[in-house]
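# Fold and contact review
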Amino acid sequence: MSASNLNFEDWMALTQLYADYASAVDSGDWDLWPEFFTDDCVYRLQPRENHERGFPLATLSFTSKGMLKDRVYGIKETLFHDPYYQRHVVGAPIVRSVDGGRLRCEANYAVFRTKLSELSTVFNVGRYLDTVVRTPAGFKFASRECVYDSEMIPNSIIYPI
Amino acid sequence: MDAVLHWEGNGTHRIPFGAYTSDELYRRELDRFFYQGHWCYVGLEAEVPKPGDYKRTVIGERSVIMVRDADGGINVVENVCAHRGMRFCRERHGNRKEFVCPYHQWSYTLKGDLQGVPFRRGVKQDGQVLGGMPADFKTSEHGLTKLKVATRGGVVFASFDHEVEPLEEFLGPAILGYFDRLFNGRKLTILGYNRQRIPGNWKLMQENIKDPYHPGLLHTWFVTFGLWRADNKSQLRMDDRHRHAAMISTRGTGGRAEQVTQVSSFKETMQLHDASFLDIVPEPWWNGPTAVMTTIFPSVILQQQVNSVSTRHIQPDGHGSFDFVWTHFGFEDDSEEMTQRRLRQANLFGPAGFVSADDGEVIEFSQQAFESKPFHRTLAELGGHEVEDTEHMVTETLIRGMYRYWREVMEAER
């Protein structure tokens, strides 16, 4: 099935998934984040440089929902960091292909960071390369790769992109 | 010198905030540490495997190019055209037969020799030669600035100072031993890069990896899983001039121990949902230690933390900021499982790492305070006031050692 044959309900569900994800990772309730993924998911945050040159290293590379939960624990309990707000602006997804219940999608994103008593700044800019699957609980990410253009991480990235 | 620092106790156990906040001192650091008398890291040979391959990087604040020439040799040249001074190389990596500055098409060999100057002989018009370079212009006098290059174990160092001592003497026997342990002649494979900009003085990153006091306190992961704890078997080693150091640690059994359960960041009940983050497999070349963190002054940190190995390049930019570039690598004889293991353990390190992200944070917040009261000083008195190798890590002796060397060089009359 080609992308243009996606029915209206599925398109609505897909755009809702993208909007919900952005809302969740900006909410500060980090426990919401792993629930967007399947149990054996892939989540990667990778510099565009590594992606395009075929280097496998990612800034973060998780291969199970359990690892995402461990990251949430890290954010909440073990990683000392300056608190900040983040705000995702995510473009409409491009559906590249539909194969049964698996959708290959992409979307541009920009994340702004606001530290306490500071100005808002552009934090991380890139695109999501996703595999979305249909599950009994609705669409989930089987894979979400965040490939970022931003050449320098402004000191650190703590919260999920 | 105009920027006079007051060193309480006349040792190096109380470090003036002003050492991190003065532009004048920073300019002198660039001259005396990055541009003279020292070897600086530029990269790994595996980044430029084929003739013509190049990588653009920096030493101090100067842009340089590491390039492999047709003979297979590695050259490092400064990215400044001999003509009008332009930083002509804009790509960060690639493959070239020659370097050409786009401004006036001056061209250079991969060894940095000037080979072509357009209209050098002028133009002929009506039987006359017009313009051109003077008759006494010699291309041999106008090459790119060539740096002295040393390679060892696949690692490339360079120096603007052609009188610099040999790399092996610069490192000294103790540090050379730990260098050779990691880079023992096997070919390296590049796994990729992480780049972060840390708004703090560059020395704070050297100090962070000369400070074995914090990992078992700040880094909850390290404490809880026994990767780095105050009660681990450990040694601290320096070269004779105390500028370089190695922190050597052997992983404990983890779990409860009287000394660590007093540490508030120790989380006895912390359990991973996915234990593969800590799928550690000992490698023969370790010869015991599970972590060796080596600081090569002034420009690079060599990381072995269990199966994760990387170089961390310090690229200063003004007194209050530096770029920190991580190059993770593996070895040619790694199995696919080992490569995946190194990549998985890389989650602990880098600008988002479970362990390393907070190092950048504490450096930023230290710098903030230094800027607000440069007359004040830090304390580095754990383990006393002296500078010495130790068989434990409850000491800040390596920081004191680095500042003893810093004072020698920075206070010397020139």
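Residues numbered from 1 in each chain as written. Chains lettered and ligands numbered in written order. Predicted model: local features only at pLDDT ≥ 70, side-chain atom pairs only at ≥ 80, totals over all residues.

Attention shifts here to the overall build of chain B. In terms of regular secondary structure, chain B is built from 9 helices and 21 strands. Expected size for 414 residues packed as a compact globule is a radius of gyration near 22 Å; at 24 Å, chain B falls within 12% of this value. Overall size of chain B, expressed as C-alpha extent along the three principal axes, is 95 × 55 × 35 Å. When burial is assessed residue by residue, chain B has 47% of its 414 residues classed as buried. (Helix = DSSP H or I, 4+ residues; strand = E, 2+ residues; numbered from the N terminus. Rg over C-alpha atoms; globule rule 2.2 N^0.38 Å. Buried ≥ 20, exposed ≤ 12 C-beta atoms within 10 Å, placed from the backbone.)

What follows is about the environment of Ile15 of chain B. All names here are of chain B. Mapped onto the secondary structure, Ile15 falls in strand 1 (residues 14-16). The class of Ile15 is buried, set by 24 C-beta atoms lying within 10 Å. In contact with Ile15, other than residues within four places in its own chain, are Arg377, Thr378, Ala380 and Tyr403. (Contact = placed C-beta atoms within 7 Å.)

All names here are of chain B. Ranked by internal contacts, the top residues of the largest apolar core, which has 139 residues, are Val42, Val64, Met66 and Ala158. Two domains share this core, each providing at least three of its residues, namely domain 1 (40-149) and domain 2 (172-411). What Val42 contacts, discounting residues up to four positions off in sequence, is Thr57, Ile59, Val64, Met66, Val76, Val156, Phe157 and Ala158. (Core = buried A, V, L, I, M, F, W, Y, C linked by C-beta atoms within 7 Å. Domains from an automatic or database assignment.)

Our focus in this paragraph is the sheet that holds strand 8 (residues 153-154) of chain A. In space, the 8 strands of this open sheet follow the order 8(A)-14(B)-20(B)-19(B)-18(B)-17(B)-16(B)-15(B), with mixed pairing throughout. At either end of the open sheet lies a strand with only one pairing partner, and these are strand 8 of chain A together with strand 15 (233-238) of chain B. As paired strands, strand 15 of chain B and strand 16 (residues 245-250) of chain B are joined by 6 bridges and run antiparallel to one another. Its bridge partner lying in strand 16 of chain B, Arg237 of chain B is registered against Ala246 of chain B. In this fold helix 9 (residues 397-411) of chain B packs onto strand 15 and strand 16 of chain B, with an angle of close to 5 degrees to the strand it touches most, strand 15 of chain B. (Pairing = 2+ DSSP bridges. Axes fitted to C-alpha atoms, helices over the stretch in contact; angles between N-to-C directions.)

A separate point is the domain arrangement of chain B. Residues and elements named next belong to chain B. Each domain of chain B was delimited in the assignment, giving domain 1 (40-149) and domain 2 (172-411). Taking the mean C-alpha position of each, domain 1 and domain 2 sit 37 Å from one another. Ranked by residue count, the leading element in the side of domain 1 that touches domain 2 is strand 2 (residues 40-44), at 3 residues. Of the residues assigned to the side of domain 1 that touches domain 2, the class counts are 5 nonpolar, 1 polar and 2 charged. (Nonpolar A, V, L, I, M, F, W, Y, C, P; charged D, E, K, R; others polar.)

Once that is clear, we can look at the interface of chain A and chain B. Opposite the 30 residues of chain A that make contact, chain B presents 33 residues. Mapped onto the side of chain A that touches chain B, the elements with two or more residues apiece are strand 1 (37-47), helix 2 (48-53), strand 2 (60-62), helix 3 (65-78) and strand 8 of chain A. For the side of chain A that touches chain B, the element with the highest residue contribution is helix 3 of chain A, accounting for 7 residues. Partitioning the side of chain A that touches chain B into residue classes produces 14 nonpolar, 10 polar and 6 charged.

Residue and element names in this part refer to chain B. Each neighbour pair has its own omega, and for Phe297 with Pro298 the value is 5 degrees, a cis peptide bond. Positioned with a positive phi, His242 is a non-glycine residue whose angle comes to about 70 degrees. Structurally, His242 can be placed in the loop between strand 15 and strand 16. Assessed through the 25 C-beta atoms surrounding it within 10 Å, His242 is described here as buried. Notably, Asn287 is not glycine yet its phi reads approximately 50 degrees, a positive angle.

Residue and element names in this part refer to chain B. You can see His142 is positioned in the loop between strand 11 (128-130) and strand 12 (148-152). In the structure, His142 is positioned 59 residues away from His83 in sequence and 7.9 Å away in space, judged by C-alpha atoms. Ignoring sequence-local partners within four residues, the contact set of His142 consists of Ala82 and Leu114.

In this section: the pairing of strand 19 (residues 308-316) of chain B. Residue and element names in this part refer to chain B. Here strand 19 lies mainly inside the structure; 9 of its 9 residues are buried. The alternating pattern of strand 19 places Ser308, Ser310, Arg312, Ile314 and Pro316 and Val309, Thr311, His313 and Gln315 on opposite faces, both of which are buried. Sheet analysis places strand 18 (residues 300-305) next to strand 19, joined by 6 bridges and oriented antiparallel. When the sheet's bridge partners are listed, Gln305 is paired in strand 19 with Ser308. Taking the residues between adjacent antiparallel strands as the criterion, strand 18 and strand 19 are bridged by 2 residues, where Val306 takes a positive phi near 40 degrees. In this sheet, strand 20 (residues 322-331) lies alongside strand 19 in antiparallel orientation, the contact comprising 7 bridges. Each residue of the ladder has a partner; that of Ser310, found in strand 20, is His328. Linkage of strand 19 to strand 20, two consecutive antiparallel strands, is achieved through a turn of 5 residues, within which Gly318 is found at a positive phi near 80 degrees.

This brings us to helix 9 of chain B. Residue and element names in this part refer to chain B. Taking 1.5 Å of rise per residue, 15 residues should cover 21 Å, and helix 9 covers 21 Å from first to last C-alpha, within 8% of that figure. All of the buried residues along helix 9 are Thr397, Leu398, Ile399, Arg400, Gly401, Met402, Tyr403, Tyr405 and Trp406. Looking at the packing, one finds that the buried side of helix 9 touches strand 1, helix 3 (203-208), strand 15 and strand 16. (Expected span 1.5 Å × (residues − 1).)

What follows is about the pairing of strand 17 (residues 291-296) of chain B. All names here are of chain B. Where burial is concerned, most of strand 17 is hidden: 6 out of the 6 residues are buried. Burial of strand 17 is two-sided: the residues Ala291, Met293 and Thr295 facing one way and the residues Val292, Thr294 and Ile296 facing the other way are all buried. Note: strand 17 against strand 18, 6 bridges, orientation antiparallel. Its bridge partner lying in strand 18, Ala291 is registered against Gln305. Count of turn residues in the strand 17/strand 18 antiparallel hairpin: 3 residues.

With that out of the way, let us pick up the environment of Arg102 of chain A. All names here are of chain A. With respect to the helices, strands and loops of the structure, Arg102 is situated in strand 5 (residues 102-115). Sequence separation of Arg102 and Tyr21 is 81 residues, and the distance between their C-alpha atoms is 18 Å. Those residues in contact with Arg102 that lie beyond four places of it in its chain are Thr131 and Val133.

A separate point is the sheet that holds strand 2 of chain B. Residues and elements named next belong to chain B. Reading across from one edge, 2-13-12 is the order of the 3 strands in this open sheet, with antiparallel pairing throughout. The open sheet has two edge strands, strand 2 and strand 12, and neither has a second partner. When strand polarity is set aside, the average angle formed by the axes of neighbouring strands in this sheet is 30 degrees. Two elements, strand 12 and strand 13 (residues 155-159), share 5 bridges in a ladder whose sense is antiparallel.

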